[in-house]
Amino acid sequence: GESVGLHLPTLSVQEGDNSIINCAYSNSASDYFIWYKQESGKGPQFIIDIRSNMDKRQGQRVTVLLNKTVKHLSLQIAATQPGDSAVYFCAESAGGTSYGKLTFGQGTILTVHP
Amino acid sequence: DGGITQSPKYLFRKEGQNVTLSCEQNLNHDAMYWYRQDPGQGLRLIYYSQIVNDFQKGDIAEGYSVSREKKESFPLTVTSAQKNPTAFYLCASSLRGQGMREKLFFGSGTQLSVL
């Protein structure tokens, strides 16, 4: 999972496996969470989001799980493909009038082997 | 196609020089943001603007300046006061309104390096 520091967590999987990327957040007031995917030299791309009144949300091949009790977020990718190789960031927002004031995690490097 | 355009893709700064990074969006988004990304780290907020002619400092605004004269444009100037400017700079935008505001759309970034 993600943590403060200069060395990004890494996850290596085989093509076709399911991947789980974890994220711990610290602000109990956060009510909105997003996962982004960033490929090398590019800007982050939105994957999926979830509000704090939910504990699970599904997209195409992706599922986000939120456990507010332990302040933990996870991203599950089904049938991982080589094109899924990237850095994945979780981000949190405490809402209110703080437009777009997302706090980003350190990121996790996902490598998918053919 | 709608999107966010950042230019240039690569930029080099000499000592004591100010440089300006361009960010243009045609998504009709109200809010725009600048983030800085250092190797192995997450994104940190420099400045953000919710509406034209208004902007607020983010977490690391020192050594940077912005303007928001048009809805579509939010240029970032890296001044000589920023002593460690080498980083990947990302511009983003979002709609306003419940459920919309935090969903940021990012440009492709500008890599700034010091000569």
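Residues numbered from 1 in each chain as written. Chains lettered and ligands numbered in written order. Predicted model: local features only at pLDDT ≥ 70, side-chain atom pairs only at ≥ 80, totals over all residues. Heavy atoms only, no water.

Asker: Just give me the short version of the sheet that holds strand β6 (residues 62-67) of chain A, but keep the residues and values in it.
Answerer: All names here are of chain A. Across the sheet, four strands lie side by side as β2-β7-β6-β5; this open sheet has antiparallel pairing. With one partner strand each, in any of the chains shown, β2 (19-24) and β5 (56-58) form the two edges of the open sheet. Recorded for the sheet is a direction-independent mean angle of 15° between the axes of neighbouring strands. When β6 meets strand β7 (residues 72-77), the two strands line up antiparallel, connected through six bridges. (Pairing = 2+ DSSP bridges. Helix = DSSP H or I, 4+ residues; strand = E, 2+ residues; numbered from the N terminus. Axes fitted to C-alpha atoms, helices over the stretch in contact; angles between N-to-C directions.)

Asker: Talk me through the nonpolar core; I want residue IDs and the actual numbers.
Answerer: Residues and elements named next belong to chain B. In this structure, Leu21, Trp34, Ile46, Leu76 and Tyr89 are the most contacted members of the largest nonpolar core, which totals 20 residues. At the level of elements, β3 (19-25), β4 (31-37), β5 (43-49), β7 (64-66), β8 (76-78) and β9 (87-94) are the ones that each hand at least two residues to this core. Residues contacting Leu76, with those up to four places away along its chain left out, are Val19, Thr20, Leu21, Trp34, Ile46, Tyr64, Ser65, Val66 and Tyr89. (Core = buried A, V, L, I, M, F, W, Y, C linked by side-chain atoms within 4.5 Å. Buried < 20%, exposed > 50% of the residue type's maximum accessible area, 1.4 Å probe, protein only. Contact = heavy atoms within 4.5 Å.)

Asker: Let's hear about the sheet that holds β7(B): which residues, and what values?
Answerer: Residue and element names in this part refer to chain B. Taken in spatial order, the four strands of this open sheet run β1-β3-β8-β7, and their pairing is antiparallel. With partners counted over all chains shown, the strands left at the sheet margins are β1 (4-7) and β7, one partner each. Strand-to-strand, the axes of this sheet are offset by a mean angle of 20°, without reference to chain direction. Looking at chain direction, β7 and β8 are connected through three bridges and run antiparallel. Its bridge partner lying in β8, Ser65 is registered against Thr77.

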